[in-house]
Amino acid sequence: MNRLKTTLLLSLLTIMMVMMGSAIGGKTGMVFAFLMAAAMNFFSYWFSDKIVLRMYGAQEIGEQDYSAFYGMVRRLAQRAGLPMPKVYIIPDQSPNAFATGRNPQHAAVAATEGILRILTPDELEGVMAHELAHVQNRDILVGTIAATFAGAISMIGNMLQWGAMLGAGRSDDEEGGGGLIGSLVIAIIAPIAAMLIQMAVSRSREYLADETGAKICGRPLALANALRKLHNASQMIPLHDARPATAHMFIVNPLTGGSLLKLFSTHPPMEERIARLESMAR
């Protein structure tokens, strides 16, 4: 169901981009915006692992450093049929974890010192299974595709705004008084709608990673208990230097701004994630 939802949302982004392309008078502007957005986002896709790991001061470890944790990741990777990823520790007491890498052959998983401290071995295994599920489901690629379309729509919206303000196209009188206003409405609403769809794609992939991760580790309740602990603890100990641009990568949102609307969140409601896992266990 979550895979189908992702497909439908990406299709909707594609349709929106085509419609906005026609609104600016042809394919040229649409193709230009798409190529620009693709170039920016696929650069991030190709180098995202190095960028985000360096951003949070992650340190690569081997089996001799954290033998139990490293061995756990290796067992889970074998169970999931994945190559062994690089394993990193983030020197931060806020409990959290993420996965990155452009494909399973270039994947990395990272966990904070805080998450190793507060979770039981079963709970930690559930978390790392969730992160390996992101690798297995190629969520970095899916997120990049969604960001590319949303970025292209935003660029086309800017073109429409400038075109409307500079009087491009027919005048309001020629269009029955609605040309300028109509273009501005489309230019403002479409990028917001695209961003909402991009956030919905991210939430759908989190649900899918929970489901896949629970199957990899075989303990849905362990992952549910871990999420409950992480949600509470991360509110009390915020992640140092958490960035909105990378918040979607973490298993729980490292940003503490609880006043944001759920529609604009990259993560599903925690109570819903836990309820779904508990339902799987039953």
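Each remark here, short or long, concerns the structure printed above.
A closer look at the overall build of the protein
Then, number 1: Helices and strands together make up the secondary structure of the protein, namely nine helices and four strands.
Then, number 2: Listing every helix and strand of the protein by position from the N terminus yields α-α-β-α-β-β-β-α-α-α-α-α-α.
Then, number 3: Taken over 282 residues, the protein has a buried fraction of 48%.
Then, number 4: Of the contacts made within the protein by residues no fewer than 6 positions apart, 72% connect residues no fewer than 24 positions apart.

Points about the pairing of strand β3 (residues 97–100)
Then, number 1: Every second residue of β3 is oriented toward a common face, with A97 and A99 on one face and F98 and T100 on the other, all of them buried.
Then, number 2: Here four bridges tie β3 to strand β4 (residues 108–112), and the two strands are oriented antiparallel to one another. Its bridge partner being in β4, A97 is matched across the sheet by A111.

Comments concerning the packing of helix α5 (residues 121–136) against helix α8 (residues 220–236)
Then, number 1: Viewed as axis vectors pointing N to C, α5 and α8 meet at an angle of 90°, and their least axial separation amounts to 8 Å. One element, α5, and the other, α8, form an angle in the roughly perpendicular class. Note on element contacts: α8 touches α5 through A222, L223, N225, A226, K229 and L230, opposite D122, E123, G126, V127 and H130.
Then, number 2: Here the residues of the contact of α5 with α8 sort into five nonpolar, three polar and three charged.

Comments concerning the sheet that holds strand β2 (residues 86–90)
Then, number 1: Reading across from one edge, β1-β2-β4-β3 is the order of the four strands in this open sheet, with mixed pairing throughout. The strands lining the two open edges of the sheet, one partner per strand, are β1 (59–61) and β3. This sheet shows a mean twist of 30° between the axes of neighbouring strands, independent of strand direction.
Then, number 2: Where β1 lies against β2, three bridges are found, and the strand directions are antiparallel. Along β2, the bridge assignment pairs E60 with Y88.
Then, number 3: Sheet contacts for helix α3 (residues 67–80): β1, β2 and β4; angle to β2, the most-contacted strand, approximately 140°.
Then, number 4: Running over the sheet, α5 touches β3 and β4 and is turned about 20° from β3.

Quick word on α8
Then, number 1: Between its first and last C-alpha, α8 extends 25 Å over 17 residues, near the 24 Å set by a 1.5 Å rise per residue.
Then, number 2: Looking only at α8, the buried set comprises P220, A222, L223, A224, A226, L227, L230, A233 and S234.

How each quantity is defined
- Residues numbered from 1 in each chain as written.
- Predicted model: local features only at pLDDT ≥ 70, side-chain atom pairs only at ≥ 80, totals over all residues.
- Heavy atoms only, no water.
- Helix = DSSP H or I, 4+ residues; strand = E, 2+ residues; numbered from the N terminus.
- Buried < 20%, exposed > 50% of the residue type's maximum accessible area, 1.4 Å probe, protein only.
- Contact = heavy atoms within 4.5 Å.
- Pairing = 2+ DSSP bridges.
- Axes fitted to C-alpha atoms, helices over the stretch in contact; angles between N-to-C directions.
- Parallel < 35°, antiparallel > 145°, perpendicular 65-115°, else oblique.
- Nonpolar A, V, L, I, M, F, W, Y, C, P; charged D, E, K, R; others polar.
- Expected span 1.5 Å × (residues − 1).

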